[in-house]
Amino acid sequence: MTATVAPSPWSTPAARGAWRFGCEIDGGHGLRWVLGRNGALGPRRHVGLWCALAGVALGVTLIFWWQGVAVAAALVAGELALLGTVLLLCARHAADREMLTLVDGALVVEHRCGTRTERARFRAERVRVEPARAQGSLVELSGEGRQMRVGRYLRPELRWQLAQELRQALRITMSLQPAQRQNTAMQHK
């Protein structure tokens with residue numbers, strides 16, 4: 001039996017980047033972390049589900065109506081109203097997320113929950129990354145009198161890895177900034 005080894009046309013996971021949670025943006029000039037709910041249905045699919053269920057329920061109601069059971073229409077109307085309310089509440093939070101963007105020496109943190117959005121901007125050289133309380137708790141970002149907690153949509157055992165990745169990205173940003181300032185200063189001369 002013989003075996004042949006040939007180079008693979010597929011990139012290896014290490015070649016795609018060293019970031020587990022984040023990805024490079026703007027051609028490698030920044031990083032973005034998007035942490036969201038792990039839901040199977042988005043807001044539009046909730047509406048589609050309600051329409052499909054309403055169609056089935058109305059079809060069954062018409063059959064009962066035809067048979068002379070007029071009360072079925074009132075029951076189905078109440079059922080569809082209740083189902084619509086529940087799906088609306090679920091759809092409202094289906095797009096909840098935390099987005100962290102590190103570009104141009106600034107870390108912008110955005111947390112969207114329902115219709116409310118919180119945003120904070122930190123200078124990369126001033127931000128601290130630490131656990132809020134103990135291991136497995138949310139990751140607290142603080143600096144310049146502001147603080148935000150991130151990692152709500154990650155399992156507790158992964159929050160430490162997110163904190164390590166944020167620290168690494170901030171260190172890299174800090175090491176690149178003096179070189180960028182020197183290049184900018186030379187361009188202005």
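Summarised in this report is the structure supplied together with it. (Residues numbered from 1 in each chain as written. Predicted model: local features only at pLDDT ≥ 70, side-chain atom pairs only at ≥ 80, totals over all residues. Heavy atoms only, no water.)

Looking now at the sheet that holds strand 1 (residues 22-25). Strand order in the open sheet formed by 5 strands is 1-2-3-4-5, with antiparallel pairing between adjacent strands. Taken across any chain shown, the strands that pair with only one partner, and hence form the sheet edges, are strand 1 and strand 5 (116-123). Neighbour-to-neighbour, the strand axes of the sheet open up by a mean angle of 20 degrees, direction not taken into account. (Pairing = 2+ DSSP bridges. Helix = DSSP H or I, 4+ residues; strand = E, 2+ residues; numbered from the N terminus. Axes fitted to C-alpha atoms, helices over the stretch in contact; angles between N-to-C directions.)

Together, V56, V60, F64, V69, V71 and L75 line one region of the surface with nonpolar side chains, adding up to about 550 Å² of accessible area. Secondary structure elements with two or more residues in the nonpolar patch: helix 2 (43-66) and helix 3 (71-94). Tallying contributions element by element places helix 2 first for the nonpolar patch, with 3 residues. Tracing the backbone through its elements, the reader meets V56 in helix 2. (Patch = residues over 30% accessible without salt bridge, like charges linked within 9 Å, V, L, I, M, F, W, Y side chains within 5 Å. Areas by Shrake-Rupley, 256 points an atom, 1.4 Å probe, with all protein chains shown as cover. Salt bridge = Lys/Arg side-chain N within 4 Å of Asp/Glu carboxyl O.)

Shape descriptors only; they carry no functional weight alone.
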